[in-house]
Amino acid sequence: MELNLLLEGFQEVLIPLNILIVFGGTLMGMLFGAMPGINASMGVALLLPLTYGMPPITALTMLLGIYCGAIYGGSITAILINTPGTTAAACTTFDGHPLAAQGKAGKAIGMATISSFAGGIISIIILILLAPVLARVALKFGPPEYFALAVFGLSIITSLSSGTLVKGLIAGFFGLMLGTVGMDMMNGTPRYTFGQVALLDGFSFIPVLIGLFAVSQILINVEKLESLNMKDSKILGLLPTLKELKSVVPTILRSSLLGSFIGILPGAGATISSFICYNEAKRWSKTPEKFGKGSLEGVAAPEAGNNAATGGAMVPLLSLGIPGSETTAVLLGAFMIQGISPGPLLFRDNIGVAYGIFAGLILANIAFLIIGLFGVKGFVKVLQIPTRILMPLILTLAFVGSYSVKNNLINVGIMLGFGLVGYFMKKLKFPITPVVLALILGPMAESNLRRALIMSEGQWSIFMQRPISLVLLIITVLSLLYPIIRDMIKKPDPQA
Amino acid sequence: MAEKILTGLFFLFGIVWLTMSYDLASSNFGGGLGLGPDFFPRLLAILMIIFSLIQLVRTFRKDKKDEIKLNVHGLSAVIIASCIAYLFAIGIIGYLVSTFLFLTGVIYVLSRKRSIKDVIIALGISLALYGIFQLVLKVPLPTGFLI
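An account of the accompanying structure is given in this report. (Residues numbered from 1 in each chain as written. Chains lettered and ligands numbered in written order. Predicted model: local features only at pLDDT ≥ 70, side-chain atom pairs only at ≥ 80, totals over all residues. Heavy atoms only, no water.)

## Here's the deal with the packing of aromatic side chains
Consideration 1: For the structure shown, the criterion picks out 21 aromatic pairs over all chains.
Consideration 2: With centroids separated by 4.6 Å and ring planes inclined at 10 degrees, the aromatic side chains of Tyr-72 of chain A and Phe-368 of chain A adopt a geometry described as stacked. Here Phe-368 of chain A lies in helix H15 (residues 351–374) and Tyr-72 of chain A lies in helix H4 (residues 56–81), a separation of 296 residues in the sequence. In terms of burial, Tyr-72 of chain A and Phe-368 of chain A fall into one category: buried.
Consideration 3: With centroids separated by 5.5 Å and ring planes inclined at 85 degrees, the aromatic side chains of Phe-203 of chain A and Phe-418 of chain A adopt a geometry described as edge-to-face. In this pair, Phe-203 of chain A is assigned in the loop between strand S2 (190–191) and helix H9 (205–221) and Phe-418 of chain A in helix H18 (residues 410–427), connecting sequence segments 215 residues apart.
Consideration 4: Members of the aromatic cluster, each reached through a chain of ring pairs, are Phe-174, Tyr-192 and Phe-430 of chain A together with Phe-10, Phe-13 and Trp-17 of chain B.
Consideration 5: Seen from the ring of Phe-60 of chain B, Lys-4 of chain B lies directly overhead, with NZ or CZ sitting 4.6 Å from the centre.
Consideration 6: The ring centre of Tyr-22 of chain B lies 4.1 Å from the NZ or CZ of Arg-42 of chain B, which sits over that ring. (Phe/Tyr/Trp six-rings, centres within 6.5 Å; stacked < 30°, edge-to-face > 60°. Helix = DSSP H or I, 4+ residues; strand = E, 2+ residues; numbered from the N terminus. Buried < 20%, exposed > 50% of the residue type's maximum accessible area, 1.4 Å probe, protein only. Lys NZ or Arg CZ within 6 Å of the ring centre and 35° of its normal.)

## Some details on the environment of Pro-392 of chain A
Consideration 1: Of note, Pro-392 of chain A is situated in helix H17 (residues 387–406).
Consideration 2: For Pro-392 of chain A, a relative accessible area of 0% translates into the label buried.
Consideration 3: In this structure, Pro-392 of chain A is in contact with Thr-387 of chain A together with Phe-102, Leu-103, Val-106, Ile-107 and Leu-110 of chain B, ignoring residues within four places of it in sequence. (Contact = heavy atoms within 4.5 Å.)

## Section: the interface of chain A and chain B
Consideration 1: Listed as interface residues are 62 residues of chain A and, on the opposing side, 66 residues of chain B.
Consideration 2: Between chain A and chain B, the buried area comes to about 5,800 Å², and carbon and sulfur atoms account for 82% of it.
Consideration 3: When the area that chain A buries against chain B is broken down by residue, the three leading residues are Met-177, Tyr-192 and Arg-388 of chain A, summing to 13%.
Consideration 4: For the pair chain A and chain B, the interface holds 2 salt bridges. (Buried area = accessible area lost by both parts, 1.4 Å probe. Salt bridge = Lys/Arg side-chain N within 4 Å of Asp/Glu carboxyl O.)

Structure (structure tokens):
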């Protein structure tokens, strides 16, 4: 057991500056998560520029704090005002808000906090056990396996994203094509740079991410400004009692394990996890009739489930270098800026960083536990920043963040351009996530495809001859065909 | 209509990428197998053309009532225009002053009432951003004829 490695990781993370920064990051993440219309990936992308000058471990722990804090923070507004701060907290409204209406908001938030913490910690334990093993297997991967892995990751996200499959594929190819801009990494030929020196390194991730995720969402948010304002609400009621906590232990354990494994699957993140965990909790409950009317189990299950997905999603990110969700894609971009490339080599050559990340995740969970249990009343006051101030503030953050990537205004222009692209794509129901994942996975897919084909002297059958790549490609084809088959089996829908 | 235009743009994007891929000289590296720098972009461009055509056909066959309409809200249009103006102002006037003007303007547009408090908030945010990025994080923010 690598317990001593984890202890070393803690030694590296646990310095006063880092602790302060983790708490700061978690608090900001909670704010972003709790405010309707802003989600975890926007939070990480917008606050990323603050970390440029920090040492890698400090920067990473802050970003992990934002990530975990945002997923937890969504529950607070879900309970108090019946509006989930993030989609991952949508299920928490079912029982959380009825509890608040009965004057038990304190109990509901306390339950959400403790379940989120438990879910987070259990998923980190699974991450620590699983990631190094998976990384060791992945060390044996060659170009065909890596190509299959990249295609697999992309296809799952495409088939799960909202909108039709064809639109998802178009979005994916769009991202892959954007990923070919810049110097060809195999022989240095400049491609699609239109003579612009600034594009020789390709598009910088951060301006593209900020544009596609944050700016596009702000433009949509201002159209429904009023509905996003936080109503004044007071937190009444006490924390859950020990007896109440005991009664939800099985629910928390089940949801945490389920959520961790759902988080590992690419494309199925915190949102799907919370829905599945809620349904399972209802199915296993002794008092299913209480669900929807203010059941504590109904709060515990989705909250343990969505925070467990955070640790689960880190498994493929750290061990394979494959992001399984929007937020982990942004985190991958952030890691790269810090000069850390997640993947099997991280565990071989940079094991200290890997365990530093584990320790940082644990610390982030402790941070939101403390803030959630003792500081939530003050936190709710901060949440009442009116949207007419918040939205312009986020736009200025988007500007300064894109500028500071390379200290030039070209990136700000690129950010704005992608903001518009994202806005029109969202409005016309083209999914955004495949664009970003494709942009990040594209170079990996291309170099490994070309290497594999050079290995096989141009024979595409190499992907069928290697068992791992064959299995991955079969799952890929099935996941792409699944929606088509489902539609054929289902009776023709007059709405479609 | 808007959906058709956007899909059409993706189709055109594929055509441009395909045409331009022929200008990427295939070098010796994998060139003999057709695996040079032009290989992957061309593959993607062809797939993009195929799928955007499929989508175009689908949107044309859709009923009028099922069409996704693009209603660009007036507020979004104003915000987009302000962002573009802000981008140019940063280069001409300088970061601090243009950020203050941008924030004051956008907050006014969103709240539709003149308020001294909002102007002070805008000033506070601009100074805080300037302080954090220029002074603490040492990011050299652009200056124009002012700061």
